[in-house]
Amino acid sequence: MKDNKSSYNSSIYDENITNVLPYYTEYHAQVIDVAKMISSDKEGSIKWLDTGCGTGTLALRALGEIPDIAFTLCDPSEGMLEVAKEKLGGKNISFNNVTSDALTYENEFDIVTAIQSHHYYDIETRDIAVKKCYRALKNDGIFVTFENIRMSTEESDAIALNRWGQFLSNHGWTPEEVKAHQARRGVEMFPITIEQHLEMLKNAGFKSVDILWVSYMQAGFWAIK
Ligand SMILES: C[S@@+](CC[C@H](N)C(=O)[O-])C[C@H]1O[C@@H](n2cnc3c(N)ncnc32)[C@H](O)[C@@H]1O
């Protein structure tokens, strides 16, 4: 029984995730680039909430590149948070065992991030989660999210899924394991199209909503409150 909703138990997540998520390290690079811009515009530390933080990989890397960040890391999996605490030991970080739709922060953060953590939601709860991220931001604060996406038609979605299958095979998965990974789509995770993402962010109240990065299965968005 896994201790979180991703493909892996927290204890083996870090060693496996780059074999299942194409461009995984690039999502974090893109987010940190945006955070650097926010940090350079600001005196003192930036307040950063990472929801669905997993094992804290993004926070660890960001702290190595940006000197002054006050991090709040949230995740509903105690196992993930335990690994994050071990990796980030000694640093002044707040941890919170909570889902994004249950966040209660208001006007607190310069940046809120949700990286590959909202695709487990049905559409209605996902909408609530994005609104909670909006509420947690200060005015002019920036929300950055990366998610699995659905293509615009069944035909193109099937081609993208096959392409991901090739990626998985190239990373050592057997044909049965590839099928099992692909079968999670629409059952354990519910990707939405780029248009649905943009609409959801606009509905949450963000004054600017833009695409940050896009590939055949994942996309990043940034939105200003
Ligand atoms: C694929 S991992 C991504 C972790 C991390 N953001 C990263 O970049 O490595 C998905 C994470 O989302 C978390 N998660 C699952 N459901 C969630 C929810 N409703 N709200 C916030 N996080 C959630 C999981 O516990 C897991 O840590």
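Residues numbered from 1 in each chain as written. Predicted model: local features only at pLDDT ≥ 70, side-chain atom pairs only at ≥ 80, totals over all residues. Heavy atoms only, no water.

Once that is clear, we can look at the environment of Glu86. For Glu86, the location among the structural elements is in helix H4 (residues 78–87). With 36 residues separating them in the primary sequence, Glu86 and Asp50 have C-alpha atoms 17 Å apart. (Helix = DSSP H or I, 4+ residues; strand = E, 2+ residues; numbered from the N terminus.)

Right, let's talk about the environment of Ala223 for a bit. Mapped onto the secondary structure, Ala223 falls in strand S7 (residues 218–224). With 52 residues separating them along the chain, Ala223 and His171 place their C-alpha atoms 33 Å apart. Discounting chain neighbours no more than four positions away, the residues touching Ala223 are Gly141, Ile142, Phe143, Leu201, Phe206, Ser208 and Val209. (Contact = heavy atoms within 4.5 Å.)

Here we take up the site of the ligand. Close contacts around the ligand come from 19 residues, with Tyr13, Tyr24, Gly52, Asp75 and Tyr121 the closest. Asp75 places a polar side-chain atom, nitrogen or oxygen, 2.6 Å from an oxygen atom of the ligand. When the ligand sits alone it has 600 Å² of accessible area, and the protein chains cover 96% of it. Considering only residue class, the shell around the ligand consists of eight nonpolar, ten polar and one charged. (Near = heavy atom within 4 Å. Polar contact = N/O pair within 3.5 Å; in protein donor to acceptor, adjacent residues only side chain to side chain. Areas by Shrake-Rupley, 256 points an atom, 1.4 Å probe, with all protein chains shown as cover. Nonpolar A, V, L, I, M, F, W, Y, C, P; charged D, E, K, R; others polar.)

Across the sheet, which stays open at both edges, the seven strands sit in the order S3-S2-S1-S4-S5-S7-S6 with mixed pairing between neighbours. Looking at which strands have only one partner, the edges of the open sheet turn out to be strand S3 (94–96) and strand S6 (208–214). Shown here is a sheet whose adjacent strand axes are inclined to one another by a mean of 15°, direction ignored. Pairing of strand S4 (residues 109–115) with strand S5 (residues 137–148), which is carried by six bridges, proceeds in the parallel orientation. Directly across from Val112, in S5, lies its bridge partner Phe143. The sheet strands contacting H4 are strand S2 (69–74) and S3, and the helix crosses S3 at an angle near 170°. Set on the sheet, helix H5 (residues 123–136) makes contact with strand S1 (46–51), S4 and S5; between it and S5 the angle comes to about 145°. (Pairing = 2+ DSSP bridges. Axes fitted to C-alpha atoms, helices over the stretch in contact; angles between N-to-C directions.)

With that out of the way, let us pick up the packing of helix H6 (residues 154–170) against helix H7 (residues 175–183). Packing of H6 against H7 leaves a shortest axis separation of 10 Å and a crossing angle of 135°. It follows from the interaxial angle that H6 and H7 lie oblique. Pair H6 / H7 crosses with right-handed handedness. Here Leu161, Asn162, Trp164, Gly165, Leu168 and Ser169 of H6 come into contact with H7, specifically with Val178, His181 and Gln182. When its residues are assigned to classes, the contact of H6 with H7 shows four nonpolar, five polar and no charged. (Parallel < 35°, antiparallel > 145°, perpendicular 65-115°, else oblique. Left-handed = near helix turned anticlockwise from the far one by under 90°.)

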